[in-house]
Every structure is written in structure tokens, then in C-alpha cells.
Amino acid sequence: MTAPMSARMIIRQVCVRMRLSRTELARFAEVSPSTVGRIVAGTLDPTWGMLTRLLDAAGTRFVGDDVRPTGDPAAGAAAALVLDRLLVSLGGRLRQRKPTTAMQSWIDRFERAGFIPHGPETQRFMQAIQVRRMVEIAATVSGPLPRGVPALAVGDARHWREAALQIDEAGFDYAASGLAPALELPDASFHATPRIYVSDPAAVARVLRWPETSPERGVLLMSSDGPELSGITCGHALRLTSLGRAFVDACSAPSDRWRSAGAALQAVLRDRPWDHSPYFSTPSSSRTGNSMTRRRAVP
């Protein structure tokens, strides 16, 4: 029988797992950096309330004797919103949306940690690094399958583009995510099987008579109540999420592909010629709203 982890080992594990420095963890939790430092040094034995506060602030929880991300979807949604607003400020257009209370809590944490840039353009390189870290941390918290978000894997992941077109033909609103489709670079896929957001994954699968498969092999249909399906872009017959949502989803890939996605994001933030970017405009033909279908009712 293994001995329970000490508080210092728990906080060390949180920092490593979430790629947070001690100072950043302290800012997330709104406690003194010296408090976190003393816990890690073993000179302070925190109360259960303090320990829980640090874990919650970092988006982690106990699973047995392990510390794991909570799967909180608000973290990913908050990072996507911040990233979209930043990209828009650099030359694009995007319909603004109001963050939920849970999203705003994460935005406040990102602000306190210094991940959201406010400095001059001359600091673009360091700002890009910080924004990349924000997205990667948020993607780790929310995970590939966010907690409480209905999802269903169907069909064959290799045919996700055909699946997206069939969803459209069936009359459902949808938006494909993942970095490759958002940038329309199918030969440079950082997220081999992008998520496809729909209002009701089970209804889509039922109407199209798609068999359920494992998340590792199938096309992942993710439930969305609006944000992912509004302000979307179009390209080469596909309907795509905002680029912010796409980068967050790409960085949540369960393998090391998230490193490639993060590097691409950093390069985009640092070097992209924004003035003529087509990826943030909302086409006049875009379908928006929360309706599940456009042309037919779901049986």
C-alpha cells in the first residue's frame, strides 16, 4: 500500500502537469507566491481548504492518488474567446460574444498570470509565447473530451471531411474544428481528426445512420449550444469554427501533436500578415443561431 502524497508533492505535480510556474499557480489562486513556495519547500503544511483552492484554481482534481485535469470546458472556451479577440485586434472581424461566469473566471486567471498581452507591438515575440502557454494550459484543463459535454464518436476518422459534408446535406448546422481544417491545410494536419460541433450528436448519428465507434477511431461529434456554431468561417466547402476555437482544440490533441499546434499558434501570433486575413470574417451566407436543423425536422 503506497503512502499518500505530501502537500509539497501534490503542488509540484500540479505545476508539472499543468505547465505552471509556482508564481503563476499563486496568481491563479490569488494567494501569495511565498505561500506556494513554502508549501513546495516543505516548510508550510497547508490546510485542506488551501490545498483544494490551489488545485481548483489550476483546473485539477484528485483521482485516487493522482492529480488530473478536471475536464472543465469553460477553460477551453475562455482561451478560445481571448484568442479570437486578440486575433481580431490584429486585423480581422468576428462577432463578439459575452463570456459566461465560468469563462470569465478563467479569463481573470489568465489576466492575473500575465498570459493576455497588453504591451506594445515591440514585445510581440514574448506576448506570442505567453498566449501560446495560455492556450496549451486551457487545452490541458478542458481535455479532448470536456466534462459534461455530450460527445459521440462515429464512423471512420479518415473520412471526416465526407462526414462534414453529409451533415450539411442532412440539414444540420455544424462547424469543423482542429487546426488543419481551420487553416485549410489538409497536408499539414496537427489534429488528425478534428472535432465536428453540432447541436445534438445523437440526433445527427441517428438521422445519418452512423454506427458509434471508439474516440480513437471515429469522427468526434461534439455538442454545442451556440458559440462554436456562430461567427464561423467558410472555406473549400467546409464550415469551420473560429480560429481561436480551432487552436484550442488542436492543442488538446491526446498525443504530441499539441506541440506542433502550439508552435504554429506562436508563429501565427508573431508573424502572420493580418491586414488581408480571410479567417475571421463572418460571411453573409453564414447560418447562425441555436436551431438544430435548417431544412428538415429530426424524427
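In what follows, the structure referred to is the one given above.
What counts, and at which threshold
Residues numbered from 1 in each chain as written. Predicted model: local features only at pLDDT ≥ 70, side-chain atom pairs only at ≥ 80, totals over all residues. Heavy atoms only, no water. Axes fitted to C-alpha atoms, helices over the stretch in contact; angles between N-to-C directions. Helix = DSSP H or I, 4+ residues; strand = E, 2+ residues; numbered from the N terminus. Parallel < 35°, antiparallel > 145°, perpendicular 65-115°, else oblique. Left-handed = near helix turned anticlockwise from the far one by under 90°. Contact = heavy atoms within 4.5 Å. Nonpolar A, V, L, I, M, F, W, Y, C, P; charged D, E, K, R; others polar. Buried < 20%, exposed > 50% of the residue type's maximum accessible area, 1.4 Å probe, protein only. Pairing = 2+ DSSP bridges. Right-handed = clockwise from strand over helix to strand, strands pointing away. Expected span 1.5 Å × (residues − 1). Polar contact = N/O pair within 3.5 Å; in protein donor to acceptor, adjacent residues only side chain to side chain. Phe/Tyr/Trp six-rings, centres within 6.5 Å; stacked < 30°, edge-to-face > 60°. Lys NZ or Arg CZ within 6 Å of the ring centre and 35° of its normal. Salt bridge = Lys/Arg side-chain N within 4 Å of Asp/Glu carboxyl O.

A. Broad picture of the packing of helix H2 (residues 22–29) against helix H6 (residues 101–113). Where H2 contacts H6, the two axes come as close as 8 Å, and the packing angle between them is 140 degrees. On the basis of the axis angle, H2 is oblique to H6. Handedness of the H2/H6 crossing: right-handed. In this structure, H2 uses Glu-24, Arg-27 and Phe-28 to contact H6, whose residues at the interface are Trp-106, Arg-109, Phe-110, Arg-112 and Ala-113. Of the residues belonging to the contact of H2 with H6, the class tally is four nonpolar, no polar and four charged.

B. Just the pairing of strand S6 (residues 219–223), in detail. A large share of S6 lies buried, amounting to five of its five residues. Relative to S6, strand S5 (residues 196–198) runs parallel, the two being bridged by three bridges. Along S6, the bridge assignment pairs Val-198 with Ser-223. The parallel pair S5 and S6 is bridged by helix H10 (residues 201–208), and the resulting crossover is right-handed.

C. Local environment of helix H7 (residues 124–142). With 19 residues, H7 should reach 27 Å at 1.5 Å per residue; the first-to-last C-alpha distance of 27 Å fits that figure. For H7, a buried count of 15 out of 19 residues is recorded, marking the element as mostly surrounded by other parts of the structure. One or two residues past the end of H7 sits Gly-143, with phi positive at roughly 75 degrees.

D. Summary view of the side chain of Asp-72. Here Asp-72 is to be found in the loop between strand S2 (66–69) and helix H5 (73–89). In terms of polar contacts, Asp-72 uses its side chain to reach the backbone amide nitrogen of Ala-74, at 3.0 Å. Among the polar contacts listed, one links the side chain of Asp-72 to the side chain of Trp-106, at a separation of 3.0 Å.

E. Quick peek at the packing of aromatic side chains. Taken as a whole and judged by the stated rule, the model has five aromatic pairs. With 5.8 Å between their ring centres and 40 degrees between their planes, Trp-106 and Phe-110 make a pair best called tilted. Here Phe-110 and Trp-106 lie together in helix H6, a separation of four residues that amounts to about one turn. Residue Trp-106 shares its accessibility class with Phe-110, and that shared class is buried. An aromatic cluster of three or more residues is present, and its members are Phe-28, Trp-106, Phe-110 and Phe-115. Across the ring face of Trp-106, the terminal group of Arg-109 is positioned such that the distance to the ring centre comes to 3.8 Å.

F. Expanded view of the pattern of salt bridges. Evaluated as defined, the whole model comprises nine salt bridges. In this structure, Asp-66 engages Arg-17 in a salt bridge whose closest nitrogen and oxygen atoms are separated by 3.4 Å. With Asp-66 in strand S2 and Arg-17 in helix H1 (residues 7–18), the pair connects residues that are 49 residues apart, well separated along the chain. Among the residues examined, Asp-66 registers a relative accessible area of 22% and is labelled partly exposed. Residue classification places Arg-17 among the partly exposed positions, given a relative accessible area of 31%. Of the charged contacts in the structure, one is a salt bridge between Arg-245 and Glu-228, with a shortest N-O distance of 3.3 Å. Pair noted here: Arg-245 is in helix H11 (residues 243–251) and Glu-228 is in the loop between S6 and strand S7 (233–235), with a separation of 17 residues, a long-range link. Considered together, Arg-245 and Glu-228 belong to a single accessibility category, that of buried residues. Within the structure, one salt-bridge network assembled from shared partners comprises Arg-195, Glu-228, Arg-245 and Asp-249.

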